[in-house]
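Descriptive structure summary
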Amino acid sequence: MSTQRELDDLVKAGYEAGFVTEVESDTLPPGLNEDTIRFISAKKKEPEWMLEYRLKAYRHWLTMEEPDWAHLKIDPIDYQAISYYSAPKKAGEGPKSLDEVDPELIETYNKLGIPLEEQKALAGVAVDAVFDSVSVATTFREELAKAGVIFCSISEAVHEYPELVKKYLGSVVPHTDNFFACLNAAVFSDGTFVYVPEGVRCPMELSTYFRINEAKTGQFERTLIIADKCAYVSYLEGCTAPMRDENQLHAAVVELIALEDAKIKYSTVQNWYPGDENGVGGIYNFVTKRGDCRGDRSHISWTQVETGSAITWKYPSCILQGDDSVGEFYSVAVTRGWQQADTGTKMYHFGRNTRSTIVSKGISAAHGQNAYRGLVRMGPKAENARNHTQCDSLLIGDQCGAHTFPYIEVRNPTAKVEHEATTSKISEDQLFYCRQRGLKEEDAVSMIVNGFCKEVFNELPMEFAVEARKLLNITLEGAVG
Amino acid sequence: MLSIKNLHVNVEGKEILRGLNLEIGKGEVHAIMGPNGSGKSTLSYVLAGRDGYEVTEGEVIFEGKNLLEMEPEERAWAGVFLAMQYPVELPGVNNMTFLREALNAVRKGRGEEELDAVAFMKLIREKAELVKLPEKLLKRSVNAGFSGGEKKRNEILQMALLEPKLAILDETDSGLDIDALRVVAEGVNSLRSPERSFLVITHYQRLLDYIEPDHVHVLAHGQIIRSGDKSLALELEEKGYGWILEEEAAA
Ligand SMILES: Nc1ncnc2c1ncn2[C@@H]1O[C@H](COP(=O)(O)OP(=O)(O)OP(=O)(O)O)[C@@H](O)[C@H]1O
Ligand SMILES: [Mg+2]
């Protein structure tokens, strides 16, 4: 009945975003040196200070080594074999009005279910579409501008809002932070910039859709979101890439800054190409995401649904500096086929009465390996700080693995940390029970998995919760041995 | 409706059913009794299509179709329902969601329209009332943390909802208090119809006071060794299985 064959089918089962778009592109030959960085900077007509920042990062990067502490098996990455810049030719100087965007690109996003024409767009969602190294379109900008919200590509922000960029870029994730963040600081190509001014509640969901298209390229995007005092913004990113045999590197940096009484909600639905049934190809998703609750009573909430990538290495974190600030991390990470994930969060409690919540749901199927790694640090001044961590693993089949690595450091006696962890397995009993009631096996699996992930899906904006559920169902189709 | 001929079944290489024969006609209620470990649950699992039960000989025909070739869910669509001796817990899966998914899956399998949310709510309230299942249990995870009796009632609720042609009740009476037993039996009786057959596995005559069987069978070491009407159950209640086993050994 449910046998190896079905399992095999599943593993081969469609990665629906795996197509390639035929566009002419400007692609830098593989290789990395100071000239590469000067080229990228020149291409973007960046001011001198930006180039200096990149070069400083690059020189520091040369002194660093790749981290090897994660629970991951990674083939060595040849940084000279990657192309660090690729842009569709017609994109030219960055996003402009939609009529000027190559119809092939608009079609690509349509196929992915992200219509860029405003009249067709999801109600109340503005999109920044990043294709390989450049932002090709940003929708609803005028409407947002009326509310005073800045939503544009980071390349534009460097030109148009240099003071904001200078003030905040690298202020949460300094270029010296880690190997991949440092590389990103040197070569980042594009990404999204958001600024929500004091007292403004952003009138729509903001989103960025990242697409890797060109072969042998890396994507190094940089996202910077600032919510000024009493501001609110909800932001979502989605990611896909074509199926290719080689591993492609995606090393992004995301920085969030929330000032007094501000709230930022950041959601990710990550569906990079995971590699084929033999574990060949797929995206290396090495990402540094960190939010700084700089002001009192500020609030940063990360929600992530990670279903793609050959390897995921990311720890969206919160620095809780402001008193009474709140950090949250809700995560669903799925690994199947030969996927590996080492993901979790870090909650640094510095301020008084700071609170953090961590809900992590790891699902492993086939040969998937899933590790939760989380740090909760209560600093000496974190009076009455609280953390609650709930970390659940679900295993499907018996060749996969789940691992939990919680790190807890408490330097204030009034702080409280709670950690709960469970591991469960979808049992033959449960599947038979569901099938006896008429459900197909894959529907039974997705029902059980959806039940398992409910707490996290509830955190996603509604339209995206529906998408995430669908994505999860496709990902786990037939995932039973 | 159901015809089982010379059924031999191995579990983990051991022969558990050894040439079992049973005919169930439309609208009939059959009770199966028998000592612990005699193969009653095994029979119910084989009929429902559970993995790990290897049929080495014999056939099972249900409504003219070879039941043994069908997947478990196909059997459910065709109208086979098994109320399990040990209902399974599905933590995180909302009971109401489960019931709706199951009903719609079965309806789809039967080529019927799926029910919309409103129609479903109306139906489920009605059926829950029938088995006196408190509504709060509909909002919890399927069977998770349910008491033994609550689990059994939830099984009967599912049966009432899915409207099977053949309902197999494996010790649905065990773990029920006296009132619950009556509620469950009334639920079953209200579902009795000329179109619907029941296979009731039980150890106790008590259930059969409420659900009157047309036939009673004794299953021992993998075969039906005695069949009779409801008086057989009374006799067993009084004398146990020893005398039949002895008579059989002597024969
Ligand atoms: N998965 C299994 N592995 C090994 N033996 C099994 C398995 N399932 C059933 N058996 C054995 O098959 C025999 C019949 O079991 P079954 O559960 O069908 O009995 P039963 O008549 O339902 O008993 P009870 O009245 O106690 O419910 C028992 O000896 C049991 O141990
Ligand atoms: Mg039994």
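All residue numbers refer to position in the chain's written sequence, counted from 1. Labels are handed out in written order, letters beginning with A for the chains and numbers beginning with 1 for the ligands. The predicted nature of this model means local features are confined to residues of pLDDT at least 70 and side-chain atom pairs, given and counted, to a pLDDT of 80 or more, with totals for whole chains, interfaces and linings taken over all residues. With hydrogens and water stripped out, all remaining heavy atoms of the structure feed into the side-chain values.

1. Some details on the overall build of chain A
Under the scheme used here, helices are H or I runs from DSSP no shorter than 4 residues and strands are E runs no shorter than 2 residues, and both carry numbers assigned from the N terminus. Scanning chain A from N- to C-terminus turns up eleven helices and 23 strands. Working definition: with a 1.4 Å probe on protein chains only, accessible area under 20% of the residue-type maximum means buried, over 50% means exposed, and in between means partly exposed. Split into buried and exposed, the 481 residues of chain A put 64% on the buried side. For chain A, restricting intrachain contacts to residue pairs at least 6 apart in sequence, the fraction spanning at least 24 positions comes to 84%. Working rule for contacts: check all heavy atoms of both residues, and any pair within 4.5 Å makes them a contact.

2. Remarks on the overall build of chain B
Of the regular secondary structure elements, chain B holds ten helices and twelve strands. For a compact globule the rule gives 2.2 Å times the number of residues to the power 0.38, and the radius of gyration it is set against comes from C-alpha atoms. Compactness check: chain B gives a C-alpha radius of gyration of 18 Å against a globular reference of 18 Å for 251 residues, within 12% of the reference. Taking the principal axes of its C-alpha atoms as reference, chain B extends roughly 60 × 40 × 35 Å. When burial is assessed residue by residue, chain B has 53% of its 251 residues classed as buried. Restricting the contact set of chain B to residue pairs at least 6 apart, pairs at least 24 apart contribute 68%. Each accessible area value is a Shrake-Rupley result obtained with a 1.4 Å probe; residue values ignore everything except the protein chains displayed when judging cover. Carbon and sulfur atoms provide 47% of the accessible area of chain B, an area that totals close to 10800 Å². Two residue types count as positive, namely Lys and Arg, and two as negative, namely Asp and Glu; His and chain ends fall outside the count. Here the site of a charge means atom NZ of a Lys, CZ of an Arg, CG of an Asp or CD of a Glu. Seen as two clouds, the 30 positive and the 42 negative side-chain charges of chain B have centres 5 Å apart.

3. What to know about the coordination of the magnesium ion (ligand 2)
For a metal bound by four donors in a tetrahedral arrangement, the ideal donor-metal-donor angle is 109.5 degrees, while six donors in an octahedral arrangement ideally sit at 90 or 180 degrees. Residue and element names in this part refer to chain B. Listed as protein donors to the magnesium ion (ligand 2) are Ser41 (OG) and Gln85 (OE1); their distances from the metal cover 2.0 to 2.2 Å. Here glutamine 85 lies in the loop between β6 (80-83) and β7 (90-94) and serine 41 lies in helix α1 (residues 40-48), a separation of 44 residues in the sequence. Given a relative accessible area of 15%, glutamine 85 falls into the buried group. Each metal's donors comprise the N, O and S atoms found within 2.8 Å of it (within 3.2 Å for Na, K or Ca). Water is not part of the atom list, so some coordination spheres may appear incomplete.

4. Notes on the environment of tyrosine 372 of chain A
Residues and elements named next belong to chain A. Structurally, tyrosine 372 can be placed in strand β20 (residues 369-378). For the pair formed by tyrosine 372 and alanine 251, sequence separation is 121 residues and the distance between their alpha carbons is 20 Å. Ignoring anything within four residues of it in the chain, the contact list for tyrosine 372 reads Thr343, Gly344, Thr345, Ile358, Ser360, Thr389, Cys391, His403, Thr404 and Phe405.

5. A word on the site of ligand 1
Residue and element names in this part refer to chain B. The cutoff for a nearby residue is simple: one of its non-hydrogen atoms must lie within 4 Å of the molecule or strand. Residues in close proximity to ligand 1 total 16 residues, the closest being Gly37, Lys40, Ser41, Thr42 and His203. Expressed as a share of its isolated accessible area of 630 Å², the protein-covered part of ligand 1 is 66%. Elements represented by at least two residues in the shell around ligand 1 include exactly β2 (14-24) and α1. Considering each element in turn, the shell around ligand 1 owes the most residues, three residues, to α1. Polar here means any residue other than Ala, Val, Leu, Ile, Met, Phe, Trp, Tyr, Cys and Pro, which are nonpolar, and Asp, Glu, Lys and Arg, which are charged; Gly is therefore polar. Looking at the shell around ligand 1 residue by residue, the class counts come to four nonpolar, eight polar and four charged.

6. Quick word on the pattern of salt bridges
Any Lys or Arg side-chain nitrogen found within 4 Å of a carboxyl oxygen on Asp or Glu counts as a salt bridge. Taken as a whole and judged by the stated rule, the model has 34 salt bridges over all chains. Salt-bridge contacts for glutamate 89 of chain B lead to lysine 151 of chain B; the nearest nitrogen and oxygen are separated by 3.1 Å. Of this pair, glutamate 89 of chain B sits in the loop between β6 and β7 while lysine 151 of chain B sits in helix α6 (residues 148-162); the two residues are 62 residues apart in sequence, bridging distant segments of the chain. Glutamate 89 of chain B gets classed as partly exposed once you look at its relative accessible area, which sits at 32%. Glutamate 112 of chain B serves as the salt-bridge partner of arginine 107 of chain B, at 3.9 Å between the closest nitrogen and oxygen. For arginine 107 of chain B, a relative accessible area of 21% translates into the label partly exposed. One network of salt bridges, with partners in common, ties together Arg435 and Glu441 of chain A together with Glu71 and Glu73 of chain B.

7. Notes on the interface of chain B and chain A
Often the size quoted for an interface is simply the accessible area lost on bringing the parts together. Contacts between the two partners involve 33 residues from chain B, matched on the other side by 19 residues from chain A. Of the roughly 2300 Å² buried between chain B and chain A on both sides combined, carbon and sulfur atoms contribute 60%. When the buried area of chain B at its contact with chain A is split by residue, Arg50, Asp51 and Glu73 of chain B rank highest and sum to 23% of it. For the salt bridge of arginine 437 of chain A with glutamate 155 of chain B, the shortest nitrogen-to-oxygen distance reads 2.6 Å. Here a polar contact is taken to be a pair of N or O atoms separated by no more than 3.5 Å, where protein atoms must pair a possible hydrogen donor with a possible acceptor and residues adjacent in sequence count only if both atoms sit in side chains. Our count for the contact surface shared by chain B and chain A stands at 15 residue pairs in polar contact (both at pLDDT 80 or more). Of all the secondary-structure elements, those providing two or more residues to the side of chain B that touches chain A are α1, α2 (72-78), β6, β7, α3 (95-109) and α6 of chain B. Of the residues in the side of chain B that touches chain A, the class split is 21 nonpolar, five polar and seven charged. Here the quantity called buried area is the accessible surface, traced with a 1.4 Å probe, that two parts lose on coming together, added over both.

8. Here's the deal with the packing of aromatic side chains
Stacked, edge-to-face and tilted are the three classes for Phe, Tyr and Trp ring pairs, Trp counted by its six-membered ring, which pair at centre distances within 6.5 Å; planes under 30 degrees apart are stacked, over 60 edge-to-face, the rest tilted. Across all of its chains, the model carries 19 aromatic pairs over all chains by this definition. Each ring, one from phenylalanine 39 of chain A and one from tyrosine 85 of chain A, has its centre 6.1 Å from the other, and the planes form 75 degrees; the classification is edge-to-face. Here phenylalanine 39 of chain A is found in helix α2 (residues 34-43), whereas its partner tyrosine 85 of chain A is found in the loop between α3 (48-61) and β2 (86-88), with 46 residues between them in sequence. You can call phenylalanine 39 of chain A partly exposed: its relative accessible area is 33%. For the ring pair tyrosine 45 of chain B and tyrosine 53 of chain B, a centre distance of 5.6 Å and an interplane angle of 45 degrees mean the geometry is tilted.

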